[in-house]
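Structural characterization, general
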Amino acid sequence: MPAICIAGSPLTTGHLCSTVSILAVPLQAKVFAMGTLVAVAGTPVAAHTILVGDNCVPHVAILNTGSIKVKAGGLPVGRVFDSADGGIMTAGLPNITVG
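My aim in this report is to walk through the structure given alongside it, one point at a time. What you see is a predicted model, and the numbers here were worked out from it, not measured in a lab.

Criteria and cut-off values
The written sequence of each chain sets the order in which its residues are numbered from 1. Local features in a predicted model are, by the rule used here, given only for residues with pLDDT of at least 70; side-chain atom pairs are given and counted only at 80 or more, and totals for whole chains, interfaces and linings are based on all residues. Hydrogens and water molecules were not included; the side-chain quantities draw on all heavy atoms of the structure. Between any two strands, at least two bridges found by DSSP are needed for them to pair. Numbering of helices and strands runs from the N terminus; a helix is a DSSP stretch of H or I covering at least four residues, while a strand is a stretch of E covering at least two. Burial classification: accessible surface area is computed with a 1.4 Å probe over protein chains only, and a residue below 20% of its type maximum counts as buried, one above 50% as exposed, and the rest as partly exposed. When two cysteine sulfur atoms are found within 2.5 Å, that pair is recorded as a disulfide. The term salt bridge refers to a side-chain nitrogen of Lys or Arg lying within 4 Å of a carboxyl oxygen of Asp or Glu. For our purposes a nonpolar core is just a set of buried Ala, Val, Leu, Ile, Met, Phe, Trp, Tyr and Cys residues, chained together by side-chain atoms within 4.5 Å. We call two residues in contact when some of their heavy atoms are within 4.5 Å.

**Some points on the pairing of strand 6 (residues 44-52)**
Pairing geometry for strand 6 and strand 7 (residues 55-62), over seven bridges, is antiparallel. Opposite Leu-51, over in strand 7, you have Cys-56 as the bridge partner. Here strand 6 hands over to strand 7 after two residues, with Gly-53 in that stretch at a positive phi of 65°.

**Points about the environment of Ile-68**
By secondary structure assignment, the location of Ile-68 is in the loop between strand 7 and strand 8 (71-72). The exposed category is assigned to Ile-68, whose relative accessible area is 77%.

**Comments concerning the state of the cysteines**
Taken as a whole and judged by the stated rule, the model has one disulfide. Between Cys-17 and Cys-56 runs a disulfide, and the two sulfur atoms are separated by 1.9 Å. Disulfide Cys-17-Cys-56: torsion about the S-S bond near -80°, hence left-handed. Taken as a pair, Cys-17 in the loop between strand 2 (10-12) and strand 3 (20-22) and Cys-56 in strand 7 lie far apart in primary sequence, 39 residues in all. For Cys-56, a relative accessible area of 45% puts it in the partly exposed group.

**Some remarks on the pattern of salt bridges**
Applying the stated criterion across every chain, the model contains one salt bridge. Measuring nitrogen to oxygen at the nearest pair gives 2.9 Å for the salt bridge that ties Asp-82 to Arg-79. With relative accessibility at 8%, the residue Asp-82 sits in the buried group. Arg-79 gets classed as buried once you look at its relative accessible area, which sits at 15%.

**Let's talk about the nonpolar core**
Counting eleven residues, the largest nonpolar core consists of Ala-3, Cys-5, Leu-11, Leu-23, Ala-39, Val-45, Ala-61, Leu-63, Val-80, Ala-84 and Met-89. Membership of the second largest hydrophobic core comes to nine residues, among which are Ile-4, Val-38, Val-40 and Val-98.

**A closer look at the environment of Gly-99**
Within the secondary structure, Gly-99 is located in the segment after strand 12 (93-97). Classification of Gly-99 by relative accessible area gives partly exposed; the value is 28%. Apart from the residues within four sequence positions on either side, Gly-99 is in contact with Met-1, Ser-67, Lys-69, Val-70 and Arg-79.

Okay, structure coming up:
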């Protein structure tokens, strides 16, 4: 099973300018793992840049998906390998896994 993602978990963006970013503050405020808020589908990705024409411009996105089995605040919990922006979540808490 993949590791659970939390605020600050890293991800690939799928973009050429900023290839990596982190999750910002999750949409839920009641469920914690190791003292940090658990990420859920819809959690914002920290601002980064995306290539538009010949320029890198500011861009924001979200954690696109999460577990179909485990929810926090009624929303699917984010895990390593779940879709985020145009990429995927790359790390979480290895000692807490979610189906």
